[in-house]
Amino acid sequence: MKIKSISIICCLLSSVVSAAGAKEQAAFPYDLPAEKPNRLLSAAVARNYDNYLSPRQENNELYSLFKYTELKGFDYNGGDGTISRRDPSKIIKENSQYYVWYTKRDTKQKPVGLSNAHLATDTVPSADWDLAEVWYATSKDGFTWQEQGVAVPRPAKPTIGWRSVATPDILKFKGKFYLYYQGFSEPSGLTDNDCPVIMSVSDSPDGPWVATNKVVVPNGKKGEWDQNAVHDPHPIVHDGKIYLYYKSDFDRIRGSKDRPQAIRMQGLAIADNPLGPFKKHPLNPVLNSGHETSLFPFKEGVAALVIRDGNERSTIQYAKDWVNFEIASVVELMPNAAGFFVPDAFTDTQYGRGVTWGISHFTQPKGWERNHSILTRFDADLSLDVDDPEMKQHNNKYSPEVHYSFGLSAKQKQRIAEQNN
Ligand code: AAL
């Protein structure tokens, strides 16, 4: 008790001292100091020097706008919901062309939805990624793509993935190519969105791909955060090993009042060999937020786009040691399920150069009634080799239509009306 009161007094005293010190020091200068100045600073200004690559966001190599361009070459049946392309892999360049792999669903009707999974049949999908296969496309310029066909079809029942193979990512290691993807053995939504990671291997990005039909990154044990799912596998070569980042969904009780939505965090599993065994990092989860997280080697470490979910969504984070991430920038209009062209993803680089473009997806571009997803191109400047001031702007303006499209629900309007009375 005594010690506690002494420390409270000390604390109070030190804040009095620092406030007094601050009173005496000159005002903060008009020219923003390039380095952290030797003076008393508020927590926010101190953080602006400690946490970011530059105190000015224009000079922060891990800050960027994202600019979107429609892709040419993909047909979606008029957007009626029967064809979907989503969750693109990283993009690689081989044989003088770019390659991307993605989830493709081509079904007679649009999905019935996760909550109606009991209505799914052998031909009727539950989720957008149900009854899907891994397809691939190539391009010379990154804007116009030629769909080449299926890379990994669904195996016969009851082999893992018989129901759906989805959300692929690519690894090139010692001259061979490896596709990691989610293998579903039931319609998503029936119990949850559960699946482990499985894999196919090939000597060429054009295939043929040989499925190992084995779980390569297993779900955690019962009671562990990743007990139900290992989603969005994302392999990068570092230190001669395969660093595979992944997402899991947890702490959800469907239909409950306080935990209806899953918490989503990202883990890391490391292997010497693409076939495993993958050892999960003891500090997992290593990112406390994100969904379809996308990573790339950056300087000595790795950078991550933390997208959509969690307290730290809409940030780009950096881990110099590949494990302990810190927020490096706060961004907007992030690409969902971004698959960057990452030239040094597999070179075991000591100093990653960053990225400038990729392919991501838009889900439900025509609303729930025609539920499907489309691929899109995005550009950014998260590269040490590019200096594009247009990408470093801020204060983006969004039209009133965009804002009103996120308007109040009928239930909220009712609540407000009741409050007014
Ligand atoms: C995506 C990804 C995984 C999920 C599903 C399909 O957003 O996180 O791939 O399983 O949704």
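Going by the structure above, here's the rest.
To start, this report covers the structure provided alongside it.

Procedures and definitions
Residues numbered from 1 in each chain as written. Predicted model: local features only at pLDDT ≥ 70, side-chain atom pairs only at ≥ 80, totals over all residues. Heavy atoms only, no water. Pairing = 2+ DSSP bridges. Helix = DSSP H or I, 4+ residues; strand = E, 2+ residues; numbered from the N terminus. Near = heavy atom within 4 Å. Polar contact = N/O pair within 3.5 Å; in protein donor to acceptor, adjacent residues only side chain to side chain. Areas by Shrake-Rupley, 256 points an atom, 1.4 Å probe, with all protein chains shown as cover. Nonpolar A, V, L, I, M, F, W, Y, C, P; charged D, E, K, R; others polar. Buried < 20%, exposed > 50% of the residue type's maximum accessible area, 1.4 Å probe, protein only. Contact = heavy atoms within 4.5 Å. Core = buried A, V, L, I, M, F, W, Y, C linked by side-chain atoms within 4.5 Å. Salt bridge = Lys/Arg side-chain N within 4 Å of Asp/Glu carboxyl O. Phe/Tyr/Trp six-rings, centres within 6.5 Å; stacked < 30°, edge-to-face > 60°. Lys NZ or Arg CZ within 6 Å of the ring centre and 35° of its normal.

Turning next to the sheet that holds strand E11 (residues 231-238). As summarised here, the arrangement of the 4 strands in space is E11-E12-E13-E14, forming an open sheet in which the pairing is antiparallel. The strands lining the two open edges of the sheet, one partner per strand, are E11 and strand E14 (279-280). Both strand E13 (residues 263-271) and E14 contribute to a ladder of 2 bridges, which runs antiparallel. Each bridged residue has a counterpart across the sheet, and for Ile 270 the counterpart in E14 is Lys 279.

On to the site of the ligand, then. Taken together, Arg 86, Asp 87, Trp 129, Thr 167, Gln 182, Phe 184, Asn 193, His 231, Asp 232, Lys 247, His 291 and Glu 292 make up the full set of residues adjacent to the ligand. At 2.9 Å, a side-chain N or O of Gln 182 approaches an oxygen atom of the ligand. Taking His 291, its side chain carries an N or O atom lying 3.0 Å from an oxygen atom of the ligand. Contact with the protein chains covers 97% of the free accessible surface of the ligand, which is 270 Å². Across the shell around the ligand, the residue classes tally to 2 nonpolar, 5 polar and 5 charged.

Let us now look at the environment of Phe 143. Along the chain, Phe 143 turns up in the loop between strand E5 (133-139) and strand E6 (146-152). With a relative accessible area of 32%, Phe 143 lands in the partly exposed category. Taking the C-alpha atoms as reference, Phe 143 lies 8.9 Å from Thr 376; in sequence the two are 233 residues apart. Leaving out residues up to four positions away in the same chain, Phe 143 has contacts with Thr 69, Leu 71, Lys 72, Arg 377 and Asp 379.

Of all hydrophobic cores here, the largest spans 55 residues; its most connected members are Trp 101, Phe 296 and Leu 305. It is strand E8 (residues 176-184) that contributes the most residues to this core, 5 residues altogether.

Another point: the pattern of salt bridges. Throughout the structure, instances matching the rule amount to 24 salt bridges. Asp 50 is the salt-bridge partner of Lys 36, the closest N and O atoms lying 3.0 Å from each other. Of the two residues, Lys 36 sits in the loop between helix H1 (2-24) and helix H2 (43-50) while Asp 50 sits in helix H2, which places them 14 residues apart along the sequence. Residue Lys 36 is classed as partly exposed on the basis of its relative accessible area, which comes to 42%.

Reading across from one edge, E7-E8-E9-E10 is the order of the 4 strands in this open sheet, with antiparallel pairing throughout. Looking along the sheet, the strands with just one partner apiece sit at the ends: strand E7 (164-173) and strand E10 (210-211). Bridge count between E8 and strand E9 (residues 197-202): 6 bridges; the pairing is antiparallel. Considered in E9, the bridge of Gln 182 is made with Val 197.

This model, assessed by the stated rule, comprises 19 aromatic pairs. Relative to Tyr 136, the ring of Tyr 99 has its centre 6.2 Å away and its plane inclined at 0 degrees; by these criteria the two rings are stacked. With Tyr 99 in strand E4 (residues 97-106) and Tyr 136 in strand E5, this residue pair connects regions lying 37 residues apart in the sequence. Looking at Tyr 99, the relative accessible area reads 0%, which means it is buried. Judged by centre distance (6.1 Å) and plane angle (90 degrees), the ring pair of Tyr 180 and Phe 278 falls under edge-to-face. Residue Tyr 180 is located in strand E8, and its partner Phe 278 is located in the loop between E13 and E14; the two are separated by 98 residues in the primary sequence. Assigned by exposure class, Tyr 180 and Phe 278 land together as buried. Chaining the aromatic ring pairs together yields one cluster made of Phe 66, Phe 296, Phe 298, Tyr 318, Phe 340 and Phe 378. Just above the ring of Tyr 76 sits the side chain of Arg 85; from NZ or CZ to the centre is 4.7 Å.

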